[in-house]
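Report on the structure
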Amino acid sequence: LAIATENDRVADDKWLTYWSCFSLLYLGMISVERFVGKVPGLYTLCLAVTLYLMLPIFEGSDAVFRSILVPLFRQREALLLKDAKKLSKDMVKQ
């Protein structure tokens, strides 16, 4: 997908964010299955979370990325710098 969208950094960032969050969900699902066993409704919950992460009307992957993954890996400063750079580019365009 990244090859098809050569110059679209927004789409690349969106998909990278989605796959990062989906991998966190997948690891959580594997852990629950391994340590707890079969939980009723686990796959339904995972499907609902996947839809939340994927659908653009919710922007769930961005919310999960910013509220869970960034603090988890202590990357808040890098995210703030990236947002500042994006904001400055948007201001220059106007």
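Residues numbered from 1 in each chain as written. Predicted model: local features only at pLDDT ≥ 70, side-chain atom pairs only at ≥ 80, totals over all residues. Heavy atoms only, no water.

1. Digging into the packing of helix 1 (residues 9–35) against helix 2 (residues 42–54)
Geometrically, a packed helix pair is captured by the angle between its two axes and the distance between the axes. Our working definition: For every element, the axis is a line fit to its C-alpha atoms; helices are fit only across the contacting stretch, and the angle between N-to-C directions ranges from 0 to 180 degrees. Secondary structure elements are defined from DSSP: runs of H or I of at least 4 residues count as helices, runs of E of at least 2 residues count as strands, and each element is numbered from the N terminus. Should an angle fall under 35 degrees it is taken as roughly parallel, and over 145 as roughly antiparallel, whereas 65 to 115 is taken as roughly perpendicular and any remaining angle as oblique. In what follows, a contact means two residues having at least one pair of non-hydrogen atoms within 4.5 Å.
Remark: helix 1 packs on helix 2, axes separated minimally by 10 Å, with the N-to-C direction vectors making an angle of 170 degrees. If you check the angle between helix 1 and helix 2, you find them roughly antiparallel. Here helix 1 contributes Tyr-18, Cys-21, Phe-22, Leu-25, Met-29, Val-32 and Glu-33 to the contact with helix 2, which in turn contributes Leu-42, Tyr-43, Cys-46, Val-49, Thr-50, Leu-53 and Met-54.

2. Examining helix 2
As a reminder of what qualifies: In a helix, the anticipated span is given by 1.5 Å times the number of residues less one. When a residue's accessible area, from a 1.4 Å probe over protein chains only, is under 20% of the maximum for its type it is buried; when over 50% it is exposed; and in between it is partly exposed. In this description, the arc belongs to the directions extending from the helix axis to the C-beta atoms.
Taking 1.5 Å of rise per residue, the 13 residues of helix 2 would be expected to cover 18 Å, and the 18 Å separating its terminal C-alpha atoms lies within 8% of that figure. The complete set of buried residues in helix 2 reads Leu-42, Cys-46, Thr-50 and Leu-53. Down the axis of helix 2, the buried side of the element spans an arc of 75 degrees, and every buried residue falls inside it. Residues of helix 2 that are exposed and angled more than 90 degrees away from the buried face: Thr-44, Leu-45 and Leu-47.

3. Overview of a positive patch on the surface
The following threshold applies: Surface patches are defined over residues having more than 30% relative accessible area and no salt bridge, joining like charges when they lie within 9 Å and nonpolar side chains (Val, Leu, Ile, Met, Phe, Trp, Tyr) when within 5 Å. Exposure was quantified through the Shrake-Rupley algorithm and a 1.4 Å probe, taking into account, for residues, occlusion by the shown protein chains and nothing else. By salt bridge we mean one thing: a side-chain nitrogen of Lys or Arg within 4 Å of a carboxyl oxygen of Asp or Glu. For this count, His and the chain ends are skipped, Lys and Arg are scored as positive, and Asp and Glu as negative. Taken as the charge centre is NZ of Lys, CZ of Arg, CG of Asp or CD of Glu, depending on the residue.
Together, Arg-9, Lys-85, Lys-89 and Lys-93 give the surface a local cluster of positive charge. Ranked by residue count, the leading element in the positive patch is helix 4 (residues 76–93), at three residues. Here Lys-85 is to be found in helix 4. Given the relative accessible area of 54%, Lys-85 is considered exposed.

4. A closer look at the pattern of salt bridges
Under the counting rule described, the total for this entry stands at three salt bridges. In this structure, Asp-83 and Arg-66 form a salt bridge, with 2.8 Å as the shortest nitrogen-oxygen distance. Here the residue Asp-83 occupies a position in helix 4, and Arg-66 occupies one in helix 3 (residues 60–72), the gap between them amounting to 17 residues. Classification of Asp-83 as partly exposed rests on a relative accessible area of 27%. What makes Arg-66 partly exposed here is its relative accessible area of 33%. If you follow the salt bridges from partner to partner, you end up with Asp-62, Arg-66 and Asp-83 in one network.

5. Considering a nonpolar patch on the surface
Residues Leu-47, Leu-51, Tyr-52, Met-54, Leu-55, Ile-57 and Phe-58 make up a contiguous nonpolar surface patch of roughly 680 Å² in combined accessible area. Here Leu-55 lies in the loop between helix 2 and helix 3.

6. Re the confidence of the model for the protein
Rule in force here: pLDDT is a per-residue confidence score from the predictor, ranging from 0 to 100.
Here the protein averages 86 in pLDDT, and 93% of its residues register 70 or above. Ranking the elements of the protein by mean pLDDT puts helix 4 last, at 83, and helix 2 first, at 94.

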